[in-house]
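Each chain, written out:
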Amino acid sequence: GAGVSQSPSNKVTEKGKDVELRCDPISGHTALYWYRQSLGQGLEFLIYFQGNSAPDKSGLPSDRFSAERTGGSVSTLTIQRTQQEDSAVYLCASSLKGSGGTEAFFGQGTRLTVV
Amino acid sequence: SQQGEEDPQALSIQEGENATMNCSYKTSINNLQWYRQNSGRGLVHLILIRSNEREKHSGRLRVTLDTSKKSSSLLITASRAADTASYFCATDKTGNTPLVFGKGTRLSVIA
(Lines give C-alpha, C1' and ligand atoms only; values in the text may rest on other atoms or scores of the structure.)
Protein backbone atom coordinates (compact mmCIF):
# COMPACT_ATOMS: atom_id res chain seq x y z
CA GLY A 1 0.00 0.00 0.00
CA ALA A 2 1.01 3.61 -0.44
CA GLY A 3 0.10 4.84 3.04
CA VAL A 4 1.72 4.75 6.46
CA SER A 5 1.27 1.33 8.01
CA GLN A 6 1.30 0.63 11.74
CA SER A 7 1.25 -2.70 13.50
CA PRO A 8 -0.31 -4.11 15.50
CA SER A 9 -3.64 -2.27 15.33
CA ASN A 10 -4.40 -3.22 18.89
CA LYS A 11 -2.20 -4.50 21.67
CA VAL A 12 -3.21 -5.63 25.13
CA THR A 13 -0.33 -6.25 27.49
CA GLU A 14 0.18 -6.92 31.16
CA LYS A 15 1.68 -4.26 33.37
CA GLY A 16 5.43 -4.63 33.52
CA LYS A 17 5.82 -6.25 30.09
CA ASP A 18 7.74 -4.66 27.22
CA VAL A 19 6.00 -3.82 23.94
CA GLU A 20 7.20 -2.91 20.45
CA LEU A 21 5.13 -0.86 18.06
CA ARG A 22 6.05 -0.74 14.39
CA CYS A 23 5.66 1.96 11.76
CA ASP A 24 6.25 1.61 8.02
CA PRO A 25 6.37 5.13 6.55
CA ILE A 26 5.66 6.10 2.97
CA SER A 27 8.61 5.21 0.77
CA GLY A 28 10.91 8.17 0.21
CA HIS A 29 9.65 10.18 3.18
CA THR A 30 12.59 11.48 5.16
CA ALA A 31 10.70 12.68 8.23
CA LEU A 32 8.97 10.35 10.69
CA TYR A 33 7.06 11.26 13.85
CA TRP A 34 5.59 9.37 16.79
CA TYR A 35 2.72 10.80 18.82
CA ARG A 36 0.59 9.53 21.68
CA GLN A 37 -3.08 10.31 22.12
CA SER A 38 -5.09 9.53 25.20
CA LEU A 39 -8.87 9.20 24.93
CA GLY A 40 -10.44 12.49 23.92
CA GLN A 41 -7.16 14.35 24.16
CA GLY A 42 -4.77 16.02 21.75
CA LEU A 43 -1.62 14.57 20.22
CA GLU A 44 1.39 14.43 22.51
CA PHE A 45 4.67 14.60 20.59
CA LEU A 46 7.08 11.79 21.42
CA ILE A 47 9.97 11.65 18.95
CA TYR A 48 10.95 12.97 15.50
CA PHE A 49 13.36 11.52 12.95
CA GLN A 50 14.59 13.65 10.06
CA GLY A 51 16.93 12.10 7.51
CA ASN A 52 20.33 11.33 8.96
CA SER A 53 20.08 13.91 11.73
CA ALA A 54 20.03 12.89 15.39
CA PRO A 55 16.41 12.27 16.41
CA ASP A 56 14.56 14.82 18.50
CA LYS A 57 13.66 12.80 21.60
CA SER A 58 12.44 15.75 23.65
CA GLY A 59 8.88 14.41 23.91
CA LEU A 60 9.65 10.98 25.32
CA PRO A 61 7.95 10.89 28.75
CA SER A 62 10.46 8.65 30.50
CA ASP A 63 13.50 6.48 29.90
CA ARG A 64 11.17 3.50 29.51
CA PHE A 65 10.39 4.84 26.04
CA SER A 66 12.79 4.53 23.12
CA ALA A 67 12.56 4.48 19.35
CA GLU A 68 14.77 3.70 16.43
CA ARG A 69 14.54 4.06 12.71
CA THR A 70 16.49 1.53 10.70
CA GLY A 71 17.85 2.37 7.26
CA GLY A 72 15.89 5.59 7.19
CA SER A 73 12.67 3.64 6.78
CA VAL A 74 10.87 1.42 9.31
CA SER A 75 10.64 2.68 12.88
CA THR A 76 10.02 0.82 16.11
CA LEU A 77 8.78 2.43 19.32
CA THR A 78 9.62 0.37 22.39
CA ILE A 79 8.02 0.78 25.79
CA GLN A 80 9.71 -1.12 28.60
CA ARG A 81 8.03 -2.16 31.84
CA THR A 82 4.66 -0.84 30.70
CA GLN A 83 2.44 1.01 33.14
CA GLN A 84 -1.32 1.56 33.04
CA GLU A 85 -0.79 5.24 32.22
CA ASP A 86 0.91 4.14 28.99
CA SER A 87 -2.49 3.07 27.66
CA ALA A 88 -3.25 5.25 24.64
CA VAL A 89 -3.30 5.29 20.86
CA TYR A 90 0.20 5.61 19.43
CA LEU A 91 0.23 7.38 16.07
CA CYS A 92 3.02 7.44 13.53
CA ALA A 93 3.30 9.91 10.65
CA SER A 94 5.74 10.59 7.86
CA SER A 95 6.34 13.50 5.53
CA LEU A 96 8.34 14.01 2.40
CA LYS A 97 10.83 16.41 3.87
CA GLY A 98 11.52 18.66 6.83
CA SER A 99 8.83 19.13 9.39
CA GLY A 100 6.04 21.53 8.60
CA GLY A 101 7.05 22.20 5.02
CA THR A 102 4.86 19.45 3.67
CA GLU A 103 1.85 17.58 4.93
CA ALA A 104 2.24 14.69 7.32
CA PHE A 105 0.57 11.39 6.48
CA PHE A 106 -0.68 9.41 9.44
CA GLY A 107 -1.09 5.72 10.05
CA GLN A 108 -4.21 4.38 11.74
CA GLY A 109 -2.41 4.00 15.02
CA THR A 110 -1.84 1.27 17.55
CA ARG A 111 -4.24 1.17 20.48
CA LEU A 112 -2.24 0.02 23.50
CA THR A 113 -4.04 -1.22 26.59
CA VAL A 114 -2.03 -2.05 29.68
CA VAL A 115 -3.92 -4.23 32.15
CA SER B 1 4.56 20.14 25.07
CA GLN B 2 1.69 21.56 23.05
CA GLN B 3 2.20 24.70 21.06
CA GLY B 4 -1.31 25.30 19.80
CA GLU B 5 -4.56 25.73 21.66
CA GLU B 6 -7.81 25.33 19.75
CA ASP B 7 -10.95 27.18 20.69
CA PRO B 8 -13.67 26.18 21.30
CA GLN B 9 -13.02 22.70 22.71
CA ALA B 10 -16.36 21.56 21.32
CA LEU B 11 -18.78 23.03 18.79
CA SER B 12 -22.24 21.85 17.77
CA ILE B 13 -24.01 23.35 14.76
CA GLN B 14 -26.83 22.59 12.34
CA GLU B 15 -26.13 21.30 8.87
CA GLY B 16 -25.72 24.17 6.44
CA GLU B 17 -24.30 26.56 9.02
CA ASN B 18 -20.70 27.74 9.03
CA ALA B 19 -18.23 26.46 11.61
CA THR B 20 -15.32 28.55 12.85
CA MET B 21 -12.49 27.14 14.92
CA ASN B 22 -9.56 29.10 16.27
CA CYS B 23 -6.00 28.19 17.10
CA SER B 24 -3.56 30.22 19.18
CA TYR B 25 0.13 29.43 19.52
CA LYS B 26 2.94 30.65 21.69
CA THR B 27 6.14 31.06 19.67
CA SER B 28 7.01 32.16 16.18
CA ILE B 29 6.25 29.57 13.53
CA ASN B 30 7.39 28.44 10.12
CA ASN B 31 4.09 26.97 8.94
CA LEU B 32 0.68 26.18 10.38
CA GLN B 33 -1.44 23.24 9.29
CA TRP B 34 -4.94 22.03 10.02
CA TYR B 35 -5.83 18.36 10.31
CA ARG B 36 -9.03 16.40 10.77
CA GLN B 37 -9.50 13.23 12.79
CA ASN B 38 -12.41 10.85 12.62
CA SER B 39 -13.09 8.28 15.34
CA GLY B 40 -9.83 8.77 17.22
CA ARG B 41 -7.47 7.20 14.72
CA GLY B 42 -5.36 8.58 11.86
CA LEU B 43 -5.37 12.27 11.04
CA VAL B 44 -5.90 13.69 7.57
CA HIS B 45 -4.23 16.85 6.37
CA LEU B 46 -6.60 19.65 5.34
CA ILE B 47 -4.56 22.73 4.55
CA LEU B 48 -1.16 24.33 5.12
CA ILE B 49 -0.54 28.05 5.47
CA ARG B 50 2.94 29.52 5.57
CA SER B 51 4.00 32.24 7.97
CA ASN B 52 4.15 34.83 5.18
CA GLU B 53 0.60 34.08 4.04
CA ARG B 54 -2.54 35.59 5.51
CA GLU B 55 -5.35 33.58 3.97
CA LYS B 56 -5.87 30.36 2.03
CA HIS B 57 -8.87 28.62 0.56
CA SER B 58 -9.52 25.03 -0.32
CA GLY B 59 -13.04 24.08 -1.35
CA ARG B 60 -15.32 24.86 1.60
CA LEU B 61 -12.34 25.58 3.85
CA ARG B 62 -10.91 29.00 4.55
CA VAL B 63 -7.88 29.48 6.78
CA THR B 64 -6.52 32.76 8.06
CA LEU B 65 -3.27 33.43 9.84
CA ASP B 66 -2.42 36.45 11.97
CA THR B 67 1.21 36.18 13.04
CA SER B 68 1.01 39.39 15.07
CA LYS B 69 -1.65 37.80 17.26
CA LYS B 70 -0.19 34.31 16.95
CA SER B 71 -3.53 32.93 15.88
CA SER B 72 -5.25 31.13 13.04
CA SER B 73 -8.83 30.34 12.21
CA LEU B 74 -10.43 27.57 10.19
CA LEU B 75 -13.80 28.26 8.62
CA ILE B 76 -15.90 25.46 7.17
CA THR B 77 -18.75 26.85 5.12
CA ALA B 78 -22.10 25.13 4.47
CA SER B 79 -21.28 22.35 6.92
CA ARG B 80 -22.43 18.78 6.38
CA ALA B 81 -23.02 15.92 8.80
CA ALA B 82 -19.92 14.29 7.32
CA ASP B 83 -17.82 17.19 8.63
CA THR B 84 -18.35 15.85 12.16
CA ALA B 85 -14.84 15.18 13.45
CA SER B 86 -12.08 16.62 15.61
CA TYR B 87 -9.98 19.37 14.08
CA PHE B 88 -6.40 20.10 15.10
CA CYS B 89 -3.93 22.82 14.27
CA ALA B 90 -0.24 21.98 14.09
CA THR B 91 2.80 24.22 13.94
CA ASP B 92 6.52 23.96 13.46
CA LYS B 93 9.05 26.56 14.60
CA THR B 94 11.60 25.89 11.89
CA GLY B 95 12.03 23.37 9.12
CA ASN B 96 13.97 21.10 11.46
CA THR B 97 11.67 21.01 14.46
CA PRO B 98 8.82 18.57 14.97
CA LEU B 99 5.21 19.28 14.11
CA VAL B 100 3.40 20.07 17.36
CA PHE B 101 -0.37 19.72 17.68
CA GLY B 102 -2.99 21.48 19.76
CA LYS B 103 -5.70 19.77 21.78
CA GLY B 104 -8.33 20.01 19.05
CA THR B 105 -11.91 21.14 18.56
CA ARG B 106 -14.65 18.50 18.44
CA LEU B 107 -17.17 19.55 15.81
CA SER B 108 -20.62 18.01 15.66
CA VAL B 109 -22.82 18.83 12.66
CA ILE B 110 -26.42 17.89 13.23
CA ALA B 111 -28.50 16.92 10.21
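About the criteria used
- Residues numbered from 1 in each chain as written.
- Chains lettered and ligands numbered in written order.
- Predicted model: local features only at pLDDT ≥ 70, side-chain atom pairs only at ≥ 80, totals over all residues.
- Heavy atoms only, no water.
- Helix = DSSP H or I, 4+ residues; strand = E, 2+ residues; numbered from the N terminus.
- Buried < 20%, exposed > 50% of the residue type's maximum accessible area, 1.4 Å probe, protein only.
- Lys, Arg positive; Asp, Glu negative; His and termini not counted.
- Salt bridge = Lys/Arg side-chain N within 4 Å of Asp/Glu carboxyl O.
- Polar contact = N/O pair within 3.5 Å; in protein donor to acceptor, adjacent residues only side chain to side chain.
- Contact = heavy atoms within 4.5 Å.
- Buried area = accessible area lost by both parts, 1.4 Å probe.
- Nonpolar A, V, L, I, M, F, W, Y, C, P; charged D, E, K, R; others polar.
- Pairing = 2+ DSSP bridges.
- Axes fitted to C-alpha atoms, helices over the stretch in contact; angles between N-to-C directions.

Further remarks concern the side chain of D92(B). Residues and elements named next belong to chain B. Structurally, D92 is set in strand β9 (residues 85-92). For the buried residue D92, which engages in no salt bridge, the nearest side chain bearing the opposite charge is R50, 7.5 Å off. A distance of 3.2 Å separates the side chain of D92 from the backbone nitrogen of N31, its partner in a polar contact.

Contacts between chain B and chain A engage 24 residues on the former and 27 residues on the latter. Counting the surface lost from both chain B and chain A, the interface buries some 1900 Å², and carbon and sulfur atoms represent 48% of this. Among the residues chain B hides against chain A, the three largest losses belong to R41(B), P98(B) and L99(B). Together they make up 32% of the total. For the interface between chain B and chain A, the tally reads zero salt bridges. Scanning the region where chain B abuts chain A turns up three residue pairs in polar contact (both at pLDDT 80 or more). Counting only elements with at least two residues in the side of chain B that touches chain A, the list comes to β4 (31-37), β5 (43-50) and β9 of chain B. Class assignment of the residues belonging to the side of chain B that touches chain A gives a composition of seven nonpolar, 12 polar and five charged.

Residues and elements named next belong to chain B. With antiparallel pairing, five strands are arranged side by side in an open sheet as β1-β3-β8-β7-β6. Every interior strand has two partners, whereas the edge strands, β1 (4-7) and β6 (55-58), have only one. Pairs of neighbouring strands in the sheet enclose a mean axial angle of 15°, with direction left out of account. In the sheet, strand β3 (residues 19-25) pairs with strand β8 (residues 71-76) via six bridges, with the strands oriented antiparallel. Counted as the bridge partner of A19 is I76 from β8.

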